[in-house]
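Survey of secondary and tertiary structure
The residues making up each chain are set out below.
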Amino acid sequence: MSCLPRFYHRFSLLPVSTSVCISSPKLPDPAFLRPRSRSLLPSSVLMSSLAAGVASRLLHLNSTAVASLENSSGGTNPSPAQSSSSPSDNSQTESGDEDLLFGYQLPPKEIRDIVDAPPIPALSFSPHRDKILFLKRRSLPPLSELARPEEKLAGIRIDGSANSRSRLSFYTGIVIHSLLSDGTLGPEKEVHGFPDGSKINFVSWSTDGRHLAFSIRTDEEDNKCSKLRVWIADVDSGKAKPLFQSDDICLNAIFENFVWVDDSTLLVCSIPVNRGSPPKKPLVPASPKIQSNEKQKIVQVRTFQDLLKDEHDKDLFDYYAVTQLLLASDGKMKPIGPPALYTSVDPSPDGKYLLVSHIHRPYSFMVPCSRFPEKVDLWTADGEFIKEICDLPLAEHIPIAFNSVRRGKRSVNWRPDKPSTIYWVETQDGGDAKVEVSPRDIVYTQPAEFRNGEKPDILHKLDLRYGGISWCDDSLALVYESWYKTRRTKTWAISPGHKDVNPRILFDRSSEDVYSDPGSPMMRRTAEGTYVIAKIRNKDEGIYILLNGRGATPEGNVPFLDLFDIQEGKKERIWQSDREKYYESVVALMSDYNDDLLNIEQLKILTSKESKTENTQYFIQSWPDKKTIQITNFPHPYPQLAELQKEMVRYKRKDDVQLTATLYLPPGYSPSDGPLPCLVWSYPGEFKSKDAAGQVRGSPNEFAGIGSTSALLWLARRFAILSGPTIPIIGEGDEEANDRYVEQLVSSAEAAVEEVIRRGVAHPDKIAVGGHSYGAFMTANLLAHAPHLFCCGIARSGAYNRTLTPFGFQNEDRTLWESIDTYVNMSPFMSANKIKKPLLLIHGEEDNNSGTLTMQSDRFFNALKGHGTVSRLVILPFESHGYSARESIMHVLWETDRWLQKYCTDNSEKSEESHDSKTEAHKTLLSTAGLATTEAREDDESNPTTMKSLL
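Since the model is a prediction, treat every value here as computed from it, not as a measurement.

**Overview of the overall build of the protein**
Tallying secondary structure elements over the protein gives eleven helices and 57 strands in all. When each of the 951 residues of the protein is scored for burial, the buried share is 59%. If you take every contact in the protein between residues at least 6 apart in sequence, the share linking residues at least 24 apart comes to 64%. Carbon and sulfur atoms form 49% of the exposed surface of the protein, whose accessible area is close to 38400 Å².

Here is the structure:
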């Protein structure tokens, strides 16, 4: 496959220029990692660059890109200034109507410099909170990383050479700092001993905090990555060594990876040593591809991707996913259990037992592996089988209605406050949310030593759908339930060890009502490495818990920490963020525990603090004097935008729904500068009530984090950015929100545009709209149904024809056949003939997101082209729903900037009009904006007129 992006256009092919993509780092957002986390860790990878040169129309039709890769020692390609074939800083290599350029392009330097800012390390605290890891990250990966062969099996993507999930990000180094008694950091200590250039994953503290476990992989020839090997590092010395001496023992990271069983023992998922080569696909298939529904089951599934296709795929899935479990300690190794497709291995808190989950055949061609048959067994810690907890059948038939679930036992887990007690939940409605039954879910609990035939204890019965448990001890646990259709959510206080104590409802509220959110309980780490609700002893000797909340208010979020009396339901606010300048939130509890209770005078918390212009730093605050010590000092990631202007604005749409947005203006902007070109970037949301839709979310004091494809990058190009204007789609009572989707979408957009024009910050002829995924869907609909508002649009990775997702999409759980009008009217594909404003479509060629198949953009572009719409489609090779390769991201930024410069900033399709505008809608716009209506313009013959600014 060529590494060139695919372009579709409506103009003739013309000669093109050459381009070079230069690699350098970018800035990701900082992350806080909890100990014992086994999720995929964020990271970044080596850069490469791509040069594509063509000399004529014939050449550019037949040439391929020439990859210019960094060498293994970390050397880089020449800078643009050094490369004679590189584009200029603004990358505007166009001539007249030259609309088709081949090769990866670079955006203007002012955008490139922000994306290339050095990444900030991630943080991880030791179990005793006396040490901090700074996990180093590299920037955007090269396209060559994404181009590695991958297997798409059962809904997941596999890097066969590494036997892990493909596109696995990584860390490049680990630095340890001691957290001194005065709250400052000690000197850094680099973890060492592993090969240079190693890619580090799955960093995990031992339960006593004396060791680190992590995986290492390295790049090999032929664009492959080595298998993952497990390493152990001594925290005191920083010295690392392989866990296994044999190079033949490697990690199988398709599902689980490894977990600490005790302070010195790891349970590792390994590749079976004698498994051989991957099964080859037969030249002649053994059978036709057959699926049957002769039993007339109702099976409705959403548009899943990367599913198994044939018997060979099943065999290949087994080959990569089958795991041999190994117990490893002090250089000794012991295989336990038979090889199987283990998806979860969870030691009991006391380390005596294992809950082991694995999937098995029969597999399905209709659903991903998360719905394959799954068995959960109870083992001893040495791997001896004790009993089967459950064996769930294939789940192809889960209804598409929200809150529908799998039948049988689900959420099987250990109680974190007990040595070895299991709990789980079972549905009473057959998993179908449309079935009315009481109770709907029942939570059960049982000790690991139970015998077959022994009945479990009923912990709690729920009339809504189970949503999890926060455990404390025998006297307290919080059980959550919710129901999507009504947005109702409840929190119950129960006493697990006291059956004579009746459960009590602590909170019964709407999940949409952020103003009434009481917060979540703060958790503390136990000696066994589990997390339970922290109980606090106050001065009055009462027992409390801590509720950590976002503190949503009409003026924006003001995070808080409350002491909450479970028995009395009373709250005392003991900490709150600064309302005026800063946005500060509680990240974790840092106190030392000598017993199950913590005295309020010994409280210590970790907070993050930021402002509009100051990036996030971490602090430790201690009671009783609430002394605060800063423990990080990360540099500003993009000082060139340090003085950007940010304001949370509020306005109403015509049905009086309160709306909010965040308005960003470039550094140094003054009202005397007049209106600017403006980019509106948003994503619609669904609500059940107008009041909830109008509530303010977010804070005006949060730091403006700028991601690699963020709309805020165009502040560097002197754009005004209206970020995240609320686009509520409301369906009150029995009404479905999407039945009035277009009406409410247009009304919300009109209100947003009116507001930026009224403020004088946006030029009414130069307002562009854009979005990603469902935001792309929004963008296309707005250009179709509100052409008077925007001069052009940018739509990334969207779905445009809802008949291609007939069994539900986004938050719509009716099928196409139940609501044909809704599916058709919401689809901008069906209104392609109405779109007259320029539209840029961008999509990853390997998009695996449910519903947003790449062909959605292919077909939509063909529809636009068939009606003569100025449009452009860019398909990014190897990219998924989000974009990650540096070449891809830089090119997306170049495409976006070019589109905005050509069809927004340089938009000159104006014609002078008298004060009588052609549409009443436009009169309303002018009146609301408070601007003169004596001049207007007409974008093209088929669209309503819009105003010409007199500012």
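**Overview of the nonpolar core**
Among the nonpolar cores identified, the biggest contains 61 residues, and Leu722, Tyr741, Ile767, Leu782, Phe790, Leu841 and Phe860 are the most heavily contacted of them. Per-element accounting of this core gives the leading share, ten residues, to helix α6 (residues 741–758). Residues in contact with Phe860, not counting those within four places in the same chain, are Ala780, Tyr800, Pro828, Phe829, Ala832, Ile835, Leu839 and Leu841.

**Digging into the sheet that holds strand β33 (residues 504–510)**
If you walk across this open sheet you meet the four strands as β30-β31-β32-β33, and the pairing is antiparallel. Only two strands of the sheet have a single neighbouring strand rather than two, namely β30 (465–473) and β33. Looking at each pair of strands side by side, their axes are set apart by 15° on average, direction ignored. Relative to strand β31 (residues 476–483), β30 runs antiparallel, the two being bridged by seven bridges. Note that in β31 the partner of Tyr466 across the bridge is Glu481.

**Topic: the sheet that holds strand β44 (residues 617–622)**
Spatial strand order, β41-β43-β44-β45: four strands in an open sheet with antiparallel pairing. Edge positions in the open sheet fall to β41 (582–589) and β45 (627–630), since each of these has one partner strand only. Each strand axis lies, on average, 30° off the axis of its neighbour in the sheet, ignoring direction. Pairing geometry for strand β43 (residues 604–611) and β44, over six bridges, is antiparallel. Within β44, the residue paired with Lys604 across the bridge is Ser622.

**A word on the confidence of the model for the protein**
For the protein, per-residue confidence averages 85 on the pLDDT scale, and 85% of positions sit at 70 or higher. Contacts from residues 1–97, a stretch scored under 50 in pLDDT, to residues over four places away or in other chains number 282 contacts. In this model, residues 910–951 is a region of pLDDT below 50 whose contacts with residues beyond four sequence positions or in other chains number 90 contacts.

**Quick word on helix α9 (residues 854–866)**
Look at α9: 19 Å from first C-alpha to last across 13 residues, which is about the 18 Å you get at 1.5 Å a residue. Every buried residue of α9 is listed here: Thr854, Gln856, Ser857, Asp858, Phe860, Phe861, Ala863 and Leu864. Two residues or fewer after α9 comes Gly868, characterised by a positive phi angle close to 75°.

**With respect to the layout of surface pockets**
Here the largest pocket is characterised by a volume of approximately 1000 Å³. Lining the largest pocket are 48 residues, with Met523, Arg524, Arg525, Tyr531 and Val532 positioned closest to its centre. Taken together, the elements giving at least two residues each to the lining of the largest pocket come down to β30, β34 (520–521), β35 (523–525), β36 (531–533), β41 and β43. When its residues are assigned to classes, the lining of the largest pocket shows 23 nonpolar, eleven polar and 14 charged.

**Here we look at the environment of Asn538**
As for its position among the elements, Asn538 is in the loop between β37 (535–537) and β38 (543–549). Residues Asn538 and Leu598, spaced 60 residues apart in sequence, show a C-alpha to C-alpha distance of 8.8 Å. Setting aside its immediate chain neighbours within four residues, Asn538 contacts Tyr544, Leu563, Glu572 and Ile600.

**Observations concerning the pattern of salt bridges**
For the structure shown, the criterion picks out 48 salt bridges. A salt bridge links Lys375 to Glu388; the shortest N-O distance between them is 3.5 Å. Of the two residues, Lys375 sits in strand β24 (residues 374–380) while Glu388 sits in strand β25 (residues 385–392), which places them 13 residues apart along the sequence. Of the charged contacts in the structure, one is a salt bridge between Arg740 and Glu735, with a shortest N-O distance of 2.9 Å. What you see here is one network of salt bridges that share partners, running through Arg410, Asp429, Glu436, Arg440, Asp441 and Arg465.

**Section: the pairing of strand β9 (residues 156–159)**
A two-sided burial pattern is seen for β9, the buried positions comprising Ile156 and Ile158 on one face and Arg157 and Asp159 on the other. Relative to β9, strand β8 (residues 151–153) runs antiparallel, the two being bridged by three bridges. Pairing of Glu151 across the sheet is with Ile158, part of β9. Hairpin geometry of β8 and β9 is characterised by an intervening segment of two residues between the two adjacent antiparallel strands and by a positive phi of about 55° at Ala154. Hairpin connection between β9 and strand β10 (residues 164–165): a loop of four residues separates the two successive antiparallel strands, and Asn163 in this loop has a positive phi of roughly 55°.

**Topic: the packing of aromatic side chains**
Inspection of the entire model under this criterion finds 24 aromatic pairs. Ring geometry for Tyr741 versus Tyr774: centroids 6.5 Å apart, planes at 55°, classification tilted. Of this pair, Tyr741 sits in helix α6 while Tyr774 sits in helix α7 (residues 774–785), and the two are 33 residues apart along the sequence. Each member of the pair Tyr741 and Tyr774 is classed as buried. Between Tyr774 and Phe777 the ring centres are 5.3 Å apart and the planes differ by 10°, which places this aromatic pair in the stacked class. Here Phe777 and Tyr774 lie together in helix α7, a separation of three residues that amounts to about one turn.

**Let's talk about the environment of Arg148**
Structurally, the position occupied by Arg148 is in the loop between α3 (143–146) and β8. Considering only alpha carbons, one finds Arg148 and Asn223, 75 residues apart in sequence, at a separation of 6.3 Å. Other than its neighbours up to four places away in sequence, Arg148 contacts Asp159, Lys199, Asp219, Asn223, Lys224 and Cys225.

**Topic: α7**
Every α-helix carries 3.6 residues per turn, so stepping three or four residues along brings you back to the same face. Taking 1.5 Å per residue, twelve residues should reach 16 Å; α7 reaches 16 Å between its end C-alpha atoms and fits that length. The buried fraction of α7 is high, at eleven of twelve residues. Turning to α7, the residues buried within the fold contact α6, β52 (762–772), β53 (792–796), α8 (820–826), β54 (839–844) and α9.

**Considering unusual backbone geometry**
In this model, Ser438 is joined to Pro439 through a cis peptide bond whose omega is -5°. Assignment of secondary structure puts Pro439 in the loop between β27 (421–427) and β28 (441–447). A cis geometry characterises the amide bond from Trp623 onward to Pro624, with omega recorded as 10°. With a phi close to 60°, Arg167 is a non-glycine residue in the positive phi region. On the secondary structure map, Arg167 appears in the loop between β10 and β11 (173–178). Although it is not a glycine, Gln810 sits at a positive phi angle of roughly 45°. Within the element layout of this structure, Gln810 appears in the loop between β53 and α8.

**Some details on the packing of α6 against α7**
Running from N to C, α6 and α7 cross one another at 85°; their axes reach a closest spacing of 10 Å. The angle between α6 and α7 places the two elements in the roughly perpendicular class. Packed against α6, whose contacting residues are Tyr741, Val742, Leu745, Val746 and Ala749, the element α7 presents Tyr774, Phe777, Met778, Asn781, Leu782 and His785 at the interface. Of the residues contributing to the contact of α6 with α7, the split by class is nine nonpolar, two polar and no charged.

Thresholds, definitions, all that
- Residues numbered from 1 in each chain as written.
- Predicted model: local features only at pLDDT ≥ 70, side-chain atom pairs only at ≥ 80, totals over all residues.
- Heavy atoms only, no water.
- Helix = DSSP H or I, 4+ residues; strand = E, 2+ residues; numbered from the N terminus.
- Buried < 20%, exposed > 50% of the residue type's maximum accessible area, 1.4 Å probe, protein only.
- Contact = heavy atoms within 4.5 Å.
- Areas by Shrake-Rupley, 256 points an atom, 1.4 Å probe, with all protein chains shown as cover.
- Core = buried A, V, L, I, M, F, W, Y, C linked by side-chain atoms within 4.5 Å.
- Pairing = 2+ DSSP bridges.
- Axes fitted to C-alpha atoms, helices over the stretch in contact; angles between N-to-C directions.
- pLDDT = per-residue confidence, 0-100.
- Expected span 1.5 Å × (residues − 1).
- 1 Å grid on protein atoms, 1.4 Å probe; cavity = no way out; pocket = protein on both sides within 12 Å on 5 of 7 lines; lining within 4 Å.
- Points joined across faces, edges and corners; volume = space filled by probe spheres on them.
- Nonpolar A, V, L, I, M, F, W, Y, C, P; charged D, E, K, R; others polar.
- Salt bridge = Lys/Arg side-chain N within 4 Å of Asp/Glu carboxyl O.
- Phe/Tyr/Trp six-rings, centres within 6.5 Å; stacked < 30°, edge-to-face > 60°.
- Parallel < 35°, antiparallel > 145°, perpendicular 65-115°, else oblique.

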